[in-house]
Amino acid sequence: MSLLQSDKSNLYKVLKDFPKQIEEACRIGETLSGKIKIVPNKVLILGMGGSAIGGDLLRNYFANLDGANHIQIVVNRDYDVPNYIDSSWLIIASSYSGNTEETLSALKNAELKSKNIIGITTGGKLENYLNTFNYPVIKVPGGLQPRAAIAYSFFPLLYLFMLNGAVKENGITEIATSINKTLELVNKKVEVFSLESEENETYIIARNMFEYLPVVYSSAKYEVANLRWRGQFQENSNIPAFGSVLPEMNHNEINSLDHSKLKECYFFILKDTYEQERIEKRFSFLKDLLKRNKHKYAVVELNDKHLLVNYFEFIQLADWISFWAGLMRGADPSEIKNIIDLKEYMS
């Protein structure tokens, strides 16, 4: 019997259509040239959950990209905004539904500090508010759960900065090359990752770990991939997931890795072949420590020189492993009952 029978909302099709989502998101981005006359180097992105992950990805990418690492990006997950925000900051309100209460509250508080505001949404209260006060709106297609719409929350913003003078020429060249390679990658990988068979590495990994609690480690370079893996296990697989970033975890968490309760965990190490030398040495020690304590673990190592390509391969891996793991646990990977119950309670 196929596992897909438990996929009542057909998340399978959404994941298979991910390359099309990226293409559409890039087309939306291409229309944004000249829409904002001045893009400051200080940016506050307001968002929660799946609507914030695109901002996280942009922040992590620009921090590691020559030509864009002068842009300071802060992702704000709260009802209010930091006290240091002033009129020199660009405020981006990101809510896929347009009705995220924390984002709407933060936007009103941010507006007291800066009138340089844009939004990205499918509609809802956010679009109405932005239109009322003549703030620009980046409109993206609806019909998805926010976590499944990461291309829509990321690529239009990437193009916004790339086409409006914020990113330097060398960064623009790298981004353009990376987008083309990313599309090649996702189109190729989705054909394998969607197979319900032993030919599919995401299916095999899910089978190995679905009964365990995932713990994800990475360098700061892949902090957002680490976050994505944890979030997808929590939502798609209905499994608690945890994680840390090197080198910080080497100064605290590493001391607990001989605890007997960790036999219930499955460890993932996310890295590429171009890690900083000292970080690579720390990964080597960490792998030996996990092996010595007989913990279950997997090293997921990518080798593309373009960071954006690796980000989206990690994203695809997280999406499909968590999807298959959820089905193997007998869960509907689209169901988010507790989140919905909380929203009804808060309303």
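Nothing here was measured: the structure is a model prediction, and the numbers come from that model. (Residues numbered from 1 in each chain as written. Predicted model: local features only at pLDDT ≥ 70, side-chain atom pairs only at ≥ 80, totals over all residues. Heavy atoms only, no water.)

Peer 1: Would you mind going over the packing of aromatic side chains with me for this structure?
Peer 2: Between two aromatic rings, the relevant description is the distance of the centres plus the angle of the planes. Scanning the model with the defined rule gives 24 aromatic pairs in all. An angle of 65° between the planes, with centres 6.3 Å apart, marks the rings of tryptophan 229 and phenylalanine 233 as edge-to-face. One end of the pair is tryptophan 229 and the other is phenylalanine 233, both in helix α9 (residues 223-236) and four residues apart, which spans about a single turn. The same class applies to tryptophan 229 and to phenylalanine 233, which are both buried. On the numbers, 5.1 Å between centres and 65° between planes, the contact of phenylalanine 323 with tryptophan 324 is edge-to-face. The same class applies to phenylalanine 323 and to tryptophan 324, which are both buried. One aromatic cluster is present, built from ring pairs that chain together Tyr61, Phe62, Phe161, Tyr222, Tyr311 and Phe314. (Phe/Tyr/Trp six-rings, centres within 6.5 Å; stacked < 30°, edge-to-face > 60°. Helix = DSSP H or I, 4+ residues; strand = E, 2+ residues; numbered from the N terminus. Buried < 20%, exposed > 50% of the residue type's maximum accessible area, 1.4 Å probe, protein only.)

Peer 1: Any chance you could explain the sheet that holds strand β2 (residues 72-76) here in plain terms?
Peer 2: Strands pair in a sheet through their backbones, by hydrogen bonds, and they do so in one of two ways: parallel or antiparallel. Taken in spatial order, the five strands make up an open sheet running β2-β1-β3-β4-β5, and their pairing is parallel. The open sheet has two edge strands with one neighbour each: β2 and β5 (137-139). Put simply, the sheet's adjacent strands are angled 20° from each other on average, direction ignored. Note that strand β1 (residues 42-46) and β2 share five bridges and pair parallel. In the strand pairing of β2, leucine 46 is matched with asparagine 76. Of the strands in this sheet, β1, β3 (90-95), β4 (117-121) and β5 touch helix α6 (residues 150-163), which is tilted by about 145° from β4. (Pairing = 2+ DSSP bridges. Axes fitted to C-alpha atoms, helices over the stretch in contact; angles between N-to-C directions. Contact = heavy atoms within 4.5 Å.)

Peer 1: Looking at this structure, I do not really get the environment of glycine 124. What am I missing?
Peer 2: Position of glycine 124 relative to the elements: it lies in helix α5 (residues 124-132). Considered as a pair, glycine 124 and serine 244 are 120 residues apart in the sequence and their alpha carbons are 35 Å apart.

Peer 1: Would you explain α5 in this entry?
Peer 2: Note on helix geometry: an α-helix contains 3.6 residues per turn, so any two residues three or four positions apart are oriented the same way. Taken as a whole, α5 has its buried residues at Leu126, Glu127, Tyr129 and Leu130. Around the axis of α5, the buried residues are gathered within 165° of arc, so they sit on the same side. Exposed residues on α5 whose side chains face more than 90 degrees from its buried face are Lys125 and Thr132. Next to the buried residues of α5 lie β3, α4 (101-111), β4 and β5. Where α5 ends, the next residue or the one after it, asparagine 134, has phi of about 60°, a positive value. (Arc of directions from axis to C-beta.)

Peer 1: I tried to follow the sheet that holds strand β8 (residues 265-272) on my own but got confused; where do I start?
Peer 2: The four strands are arranged β7-β6-β8-β9 in an open sheet whose pairing can be described as parallel. In this open sheet, the two strands that pair with only one neighbour each are β7 (242-246) and β9 (296-302). Between one strand axis and the next, the sheet turns through 20° on average, direction left out of account. Of the strand pairs in this sheet, strand β6 (residues 213-219) and β7 are connected by five bridges, and their pairing is parallel. Counted as the bridge partner of serine 219 is leucine 246 from β7. Running over the sheet, α9 touches β6, β7, β8 and β9 and is turned about 170° from β6. Contacting β8 and β9, helix α11 (residues 307-328) runs over the sheet at an angle of about 145° to β9.

Peer 1: I tried to follow the packing of α6 against helix α7 (residues 169-193) on my own but got confused; where do I start?
Peer 2: A pair of packed helices is characterised by two quantities: the angle between their axes and the separation of those axes. One can describe the packing of α6 onto α7 by two numbers: an axis separation of 11 Å at closest approach and a directional angle of 150°. Taken together, the axes of α6 and α7 lie roughly antiparallel to each other. Seen from above, α6 lies across α7 with left-handed handedness. Contact with α6, carried on its side by Phe155, Leu158, Tyr159 and Met162, involves Ile172, Ile175 and Ile179 of α7 and no other residues of that element. (Parallel < 35°, antiparallel > 145°, perpendicular 65-115°, else oblique. Left-handed = near helix turned anticlockwise from the far one by under 90°.)

Peer 1: Looking at this structure, how should I read the pattern of salt bridges?
Peer 2: Opposite charge on two side chains permits them to pair, given that their charged atoms come into close proximity. Evaluation of the coordinates by the stated rule reveals 16 salt bridges. Across the salt bridge formed by arginine 59 and aspartate 56, the nearest N and O atoms sit 3.4 Å from each other. Taken together, the residues arginine 59 and aspartate 56, both in helix α3 (residues 49-63) and three residues apart, mark about one turn of the helix. For arginine 59, a relative accessible area of 23% puts it in the partly exposed group. Judged by relative accessible area, which is 3%, aspartate 56 ranks as buried. (Salt bridge = Lys/Arg side-chain N within 4 Å of Asp/Glu carboxyl O.)

Peer 1: It is not clear to me how the pairing of β4 should be interpreted in this structure. Could you clarify?
Peer 2: Consecutive side chains of a regular strand alternate in pointing toward one face of the sheet and then the other. Among the five residues that make up β4, five are buried, leaving the element largely enclosed by the rest of the structure. Both faces of β4 are covered, namely the face carrying Ile117, Gly119 and Thr121 and the face carrying Ile118 and Ile120. When β3 meets β4, the two strands line up parallel, connected through five bridges. Residue pairing for β4: isoleucine 91 is matched across the bridge by isoleucine 117. The handedness of the β3 to β4 crossover, carried by α4, is right-handed. Direction of pairing for β4 relative to β5: parallel, over a ladder of three bridges. Residue pairing in the sheet places threonine 121 in a bridge with lysine 139 of β5. (Right-handed = clockwise from strand over helix to strand, strands pointing away.)

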